[in-house]
Amino acid sequence: MKSLISRARTCRARVFAAAALALSVATPVLAWEPTKPVEFVIPAGTGGGADQMARLIQGIVIKHKLMKEPLIVINKSGGAGAEGFLAVKDAKGDPHKIIISLSNLFTTPMATGVPFNWKDMTPVAMLALDQFVLWSNADAPYKSAGEYVAAAKAAGPNKFKMAGTGSKQEDQIITVALEKATGTKFIYVPFKGGGEVAVQLVGGHVNSTVNNPIEAVAQWRAGKLRALCVFDDERMPFKAKVTDTQSWNDIPTCKEAGVPTNYTMLRGIFMPAGVKPDQLAFYTDLLTKVAATPDWKEYMEKGAFNPTFLTGEPFTKWLTTAEASHRTLMTEAGFMAAGAK
């Protein structure tokens, strides 16, 4: 009897052991996820393209319940975005801080000499590339980019005011390129964000802007602004009407208007340096899910974005090439700070 009981106990123990082993195989170790609120830094002012995109991502994450902890959006626009970038640089190894970037990722350290480089952070994903459009007030007499350029030339140097976001940043780089292409000079007037830039143009305080589509679409739809040309080699592909008469695709390229100037801007997400692979993987997966939502796809069309999405080595390779290109542009414009690398 004892041997039977002993054998029964042995068999039962083996069954329990096998069940425990099967359970351990079937139940994977939980991947990393945030354990407290995540600070989402915007190195730009409120109302601009970066601010709008970050807050949209925040809303999509909440709506679709893509993470348990909240994303806390914080604007740190001081020093043309240097405040935000340095905050992330100083948070080495902290997986509870991310930042949305635009091309001031390159231009700010080059223009100011601030000790920062995109390699001081961990690239997560390129969300999209943003276009630039030459805008005028709808009540202005010029109805095309050609007429606008002719009017600027006729007025003489430093008569037309061009509004943009920041100094020695993307908008002013495009303005300098426009000056070289047209042979005239503009008074460049910097503001903190694209939302304020659009308001200044609607109010007639400046003659033109080179705002992103999403930063001026509301005023364009309302008939307050006129889109003259897009700074790209091809027209934007979106053909649904935005105004009563025009789609994004109806806006000619600046090249078509005789102004061979083009420029697109990064919209991407970074983490601090020194984070762990599973922490990076969490945000890569999160942003992949965000980009797959109908909300995001609608936003891409509404804002006429180029919805290029990159992660890993392809994104790093793009960043390396873009940095070299911006160094050339900044040098040609005379915007490089002494000692900047």
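Coordinates for the structure precede this section.
Rules used in this analysis
Residues numbered from 1 in each chain as written. Predicted model: local features only at pLDDT ≥ 70, side-chain atom pairs only at ≥ 80, totals over all residues. Heavy atoms only, no water. Pairing = 2+ DSSP bridges. Helix = DSSP H or I, 4+ residues; strand = E, 2+ residues; numbered from the N terminus. Contact = heavy atoms within 4.5 Å. Axes fitted to C-alpha atoms, helices over the stretch in contact; angles between N-to-C directions. Buried < 20%, exposed > 50% of the residue type's maximum accessible area, 1.4 Å probe, protein only. Phe/Tyr/Trp six-rings, centres within 6.5 Å; stacked < 30°, edge-to-face > 60°. Core = buried A, V, L, I, M, F, W, Y, C linked by side-chain atoms within 4.5 Å. Salt bridge = Lys/Arg side-chain N within 4 Å of Asp/Glu carboxyl O.

A. Spatial organisation of the sheet that holds strand β1 (residues 38-42). The strand order across the open sheet built from six strands is β2-β1-β3-β10-β4-β11, with neighbouring strands paired in mixed fashion. The sheet terminates laterally at β2 (71-75) and β11 (310-311), the two strands that pair on one side only. Pairing analysis gives three bridges linking β1 to strand β3 (residues 97-101), with the strands arranged parallel. Bridge pairing in β3 places Val 41 opposite Ile 99. Set on the sheet, helix α2 (residues 49-63) makes contact with β1, β2, β3, β4 (121-130) and β10 (265-272); between it and β2 the angle comes to about 170°.

B. The pairing of β10, seen in detail. With eight of eight residues buried, β10 is to be regarded as a mostly interior element. As judged from the three bridges shared by β3 and β10, these two strands associate in the antiparallel manner. Paired with Ile 100 across the strands is Ile 269, a residue of β10. Where β4 meets β10, eight bridges bridge the pair, whose relative direction is antiparallel. Its bridge partner lying in β10, Met 126 is registered against Gly 268.

C. Examining the packing of aromatic side chains more closely. Summed over the entire model, instances satisfying the criterion amount to 15 aromatic pairs. Measuring from ring centre to ring centre gives 5.6 Å for Trp 32 and Phe 282, while their planes differ by 85°; the resulting arrangement is edge-to-face. Highlighted residues: Trp 32 in the loop between α1 (2-26) and β1 and Phe 282 in helix α9 (residues 277-291), separated in sequence by 250 residues. Given the relative accessible area of 17%, Trp 32 is considered buried. Judged by relative accessible area, which is 14%, Phe 282 ranks as buried. Measuring from centroid to centroid gives 4.9 Å for Phe 85 and Phe 116, while their planes differ by 15°, and the two rings are stacked. Taken as a pair, Phe 85 in helix α3 (residues 82-89) and Phe 116 in the loop between α4 (104-112) and β4 lie far apart in primary sequence, 31 residues in all.

D. Representation of the nonpolar core. In terms of nonpolar packing, the biggest core is built from 76 residues, with Trp 248 and Trp 296 touching the most fellow members. Once residues within four sequence positions are removed from consideration, Trp 296 is found in contact with Met 53, Leu 56, Ile 57, Ile 60, Leu 127, Val 290 and Ala 291.

E. Structural context of the pattern of salt bridges. All chains considered together, the criterion is met by 13 salt bridges. Of the charged contacts, one joins Lys 185 and Glu 179 as a salt bridge, the two residues approaching to 3.5 Å between their closest N and O atoms. The salt bridge partner of Asp 285 is Lys 289, with a shortest N-O separation of 3.1 Å. One end of the pair is Asp 285 and the other is Lys 289, both in helix α9 and four residues apart, which spans about a single turn.

F. Highlighting α3. Taken together, the buried positions of α3 are Ala 82, Gly 84, Phe 85, Ala 87 and Val 88. Those residues of α3 that are buried lie in contact with β1, β3, α4, β4 and β10.

Structural measurements only, silent on function.
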